[in-house]
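Per-entry structural report
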Amino acid sequence: MGTIRKRGNRYQARVQRGGQPEQAKTFSTRADAERWARAVERQLDLGGVVLASPCNLSVGELLERYASEVAPTKRGGGMEVIRLRAMQHRPIAQRSVANLTAQCVARYRDTRLQEVSATTVNRDLDDLSAVLNHARREWGLAIPNPVRDVRRPPKGRPRSRLLDLEEEARLMNALDDTPRDIGGRFTQATRNPWIKPLVRLALLTAMRRGELLALEWQHVDLMRRVAVLPMTKNGDARSVPLSSEAVALLGTLASSARPGRVFPTTAMALRKAFERACERANIRDLHFHDLRHTATTRMSALLPNVIELAAVTGHRDLRMLQRYYHPRAEDLARKLG
């Protein structure tokens, strides 16, 4: 019989036979899921071709299948899974795929714009569009993609939020694995021991979150002071130079490390721990990616040659580097004499 998996308080049935596309459907009870799986298998045994009916398939079920089967195979798929899971809790996920219209997507867009930035909304729409296109091309569902007919919100100005030294001290204290008194507030300890060194290394190297989480000990050479990234966001390998402080940090971790990833934690665990630490440290409007902005800005004082700076940060397009390069006007004035 097909595979039955429990997901929360619901049961998902999956059936695949003889090279046919895998069929999946979610039910409230295990008995219903098993009954459906048996019926699909009988039809396949008789030589029939079973394709999921868009009329009976909800957007949430489509998101679930994509999050389970497709997103984990992609670079950066971990964060895509998180976004897809969040979208499953939205009203749009309850609609039938067959009844998903541009008006429905537009309502979702407008609701989200009241909560998050235009950049985040556009990313959500990209995710939904990718799911619908994959279902059409790979799963044989005759469904439209109404996302293409929806006006996208204009892109906002790039973030320029930097972490100052006083905030950095408070953040590091909040990330300690022992309670501390921060500004008269006695904080809880951070349970995940990998978060603080990960954040510290982000500020020392300007590496992206995904690069830090994927970094393996076999690619760290403390003698040469280099960390090699075999695969980066733009698809190229990159060698990241390590400062003396970064070498010392990694050396401390290496003394008790096991082979494999330097930071054996997940994107979700990092996200939650970072947000909680910012809250405890009373730091507002700080995203993890802002650490890359901060590190790049600090490095620009040491590496005024923009080509060298781009070699460290991994930017192929120097125009993109301008988003992260934030020299202070007073520093430029001193250079002018």
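Structure shown above.
So, a few notes on the structure that sits alongside this text. (Residues numbered from 1 in each chain as written. Predicted model: local features only at pLDDT ≥ 70, side-chain atom pairs only at ≥ 80, totals over all residues. Heavy atoms only, no water.)

1. Observations concerning the nonpolar core
Nonpolar side chains in soluble globular proteins tend to end up buried together. If you look at the biggest cluster of nonpolar residues, it comprises 42 residues, and the most contacted ones within it are Leu171, Val199 and Phe288. For this core, the element with the most residues is helix 7 (residues 195–205), which contributes seven residues. Other than its neighbours up to four places away in sequence, Leu171 contacts Leu163, Val199, Phe274, Ala277, Cys278, Ala281, Ile283 and Leu286. Grouped together as the second largest cluster of nonpolar side chains are 30 residues, Tyr66, Ala67, Met87 and Cys104 included. (Core = buried A, V, L, I, M, F, W, Y, C linked by side-chain atoms within 4.5 Å. Buried < 20%, exposed > 50% of the residue type's maximum accessible area, 1.4 Å probe, protein only. Helix = DSSP H or I, 4+ residues; strand = E, 2+ residues; numbered from the N terminus. Contact = heavy atoms within 4.5 Å.)

2. Points about the packing of aromatic side chains
Following the criterion strictly, the structure yields one aromatic pair and no others. Arranged with centres 5.5 Å apart and planes meeting at 75°, the rings of Phe274 and Phe288 form a pair that is edge-to-face. With a gap of 14 residues between them, Phe274 in helix 10 (residues 267–280) and Phe288 in the loop between helix 10 and helix 11 (290–302) connect regions that are remote in the sequence. The side chain of Arg65 reaches across the aromatic face of Trp139, ending 4.1 Å from its centre. (Phe/Tyr/Trp six-rings, centres within 6.5 Å; stacked < 30°, edge-to-face > 60°. Lys NZ or Arg CZ within 6 Å of the ring centre and 35° of its normal.)

3. Looking at the environment of Lys74
Mapped onto the elements of the fold, Lys74 is located in the loop between helix 2 (59–69) and helix 3 (77–87). When sequence neighbours within four positions are dropped, the list of residues in contact with Lys74 reads Tyr66 and Glu80.

4. Here's the deal with the environment of Leu163
Within the secondary structure layout, Leu163 lies in the loop between helix 5 (118–138) and helix 6 (165–174). Residue contacts for Leu163: discarding those within four places in its chain leaves Glu168, Leu171, Leu203, Ile283, Leu286, Leu291, Thr294 and Arg298.

5. With respect to the packing of helix 2 against helix 5
Axis separation between helix 2 and helix 5 bottoms out at 10 Å; the angle between their running directions is 85°. Of the possible angle classes, the one that applies to helix 2 and helix 5 is roughly perpendicular. Touching Val59, Leu62, Leu63 and Tyr66 of helix 2 are Leu128, Ala130, Val131, Leu132, His134 and Ala135, all from helix 5. Broken down by class, the residue content of the contact of helix 2 with helix 5 amounts to nine nonpolar, one polar and no charged. (Axes fitted to C-alpha atoms, helices over the stretch in contact; angles between N-to-C directions. Parallel < 35°, antiparallel > 145°, perpendicular 65-115°, else oblique. Nonpolar A, V, L, I, M, F, W, Y, C, P; charged D, E, K, R; others polar.)

6. Section: helix 6
By the burial criterion, the buried members of helix 6 are Glu167, Glu168, Leu171, Met172 and Ala174. An end-on view of helix 6 places all buried positions within 160° of arc, on one side of the element. Its side-chain oxygen placed 3.2 Å from the backbone nitrogen of Glu166, Asp164 serves as the N-cap of helix 6. (Arc of directions from axis to C-beta. Polar contact = N/O pair within 3.5 Å; in protein donor to acceptor, adjacent residues only side chain to side chain.)

7. A short note on unusual backbone geometry
One can expect most non-glycine residues to show negative phi and most peptide bonds to be in trans. Although it is not a glycine, Asn282 sits at a positive phi angle of roughly 60°. Asn282 gets classed as partly exposed once you look at its relative accessible area, which sits at 39%. The phi dihedral of Asp285 falls on the positive side, at around 55°, and the residue is not glycine.

8. Regarding the sheet that holds strand 8 (residues 238–241)
A sheet is described by the order of its strands in space; here three strands give the open sequence 6-7-8, paired in antiparallel fashion. Single-partner strands in this sheet number two, and they are strand 6 (220–221) and strand 8. Pairing analysis gives two bridges linking strand 6 to strand 7 (residues 226–229), with the strands arranged antiparallel. Its bridge partner being in strand 7, Val220 is matched across the sheet by Ala227. (Pairing = 2+ DSSP bridges.)

9. Regarding the side chain of Glu64
Turning to its location among the elements, Glu64 is positioned in helix 2. Separated by 2.5 Å, the side chains of Glu64 and Arg85 make a polar contact. Only 3.2 Å separates the side chain of Glu64 from the side chain of Gln88, close enough to count as a polar contact.

10. Some points on the pattern of salt bridges
Taken as a whole, this structure holds 21 salt bridges when the rule is applied. Note that Arg7 is salt-bridged to Glu64, the shortest N-O span being 3.2 Å. Here the residue Arg7 occupies a position in strand 1 (residues 3–7), and Glu64 occupies one in helix 2, the gap between them amounting to 57 residues. Overall, Glu64 belongs to the buried group, its relative accessible area being 9%. For Arg200, the salt bridge is made with Glu168, and the minimal N-O distance between the two is 2.4 Å. Of the two residues, Arg200 is situated in helix 7 and Glu168 in helix 6; the sequence distance between them amounts to 32 residues. A cluster of three or more residues bridged by salt bridges with shared partners is formed by Arg90, Arg112, Glu115 and Asp124. (Salt bridge = Lys/Arg side-chain N within 4 Å of Asp/Glu carboxyl O.)

11. Things to note about empty space enclosed by the protein
Evaluated as defined, the whole model comprises two cavities of 30 Å³ or more. Computed from the structure, the second largest cavity encloses a volume of approximately 40 Å³. In terms of lining, the second largest cavity is formed by Ala202, Met207, Arg208, Arg209, Phe288, His289, Leu291 and Arg292. When the residues that make up the lining of the second largest cavity are grouped by side-chain class, the tally is four nonpolar, one polar and three charged. (1 Å grid on protein atoms, 1.4 Å probe; cavity = no way out; pocket = protein on both sides within 12 Å on 5 of 7 lines; lining within 4 Å. Points joined across faces, edges and corners; volume = space filled by probe spheres on them.)

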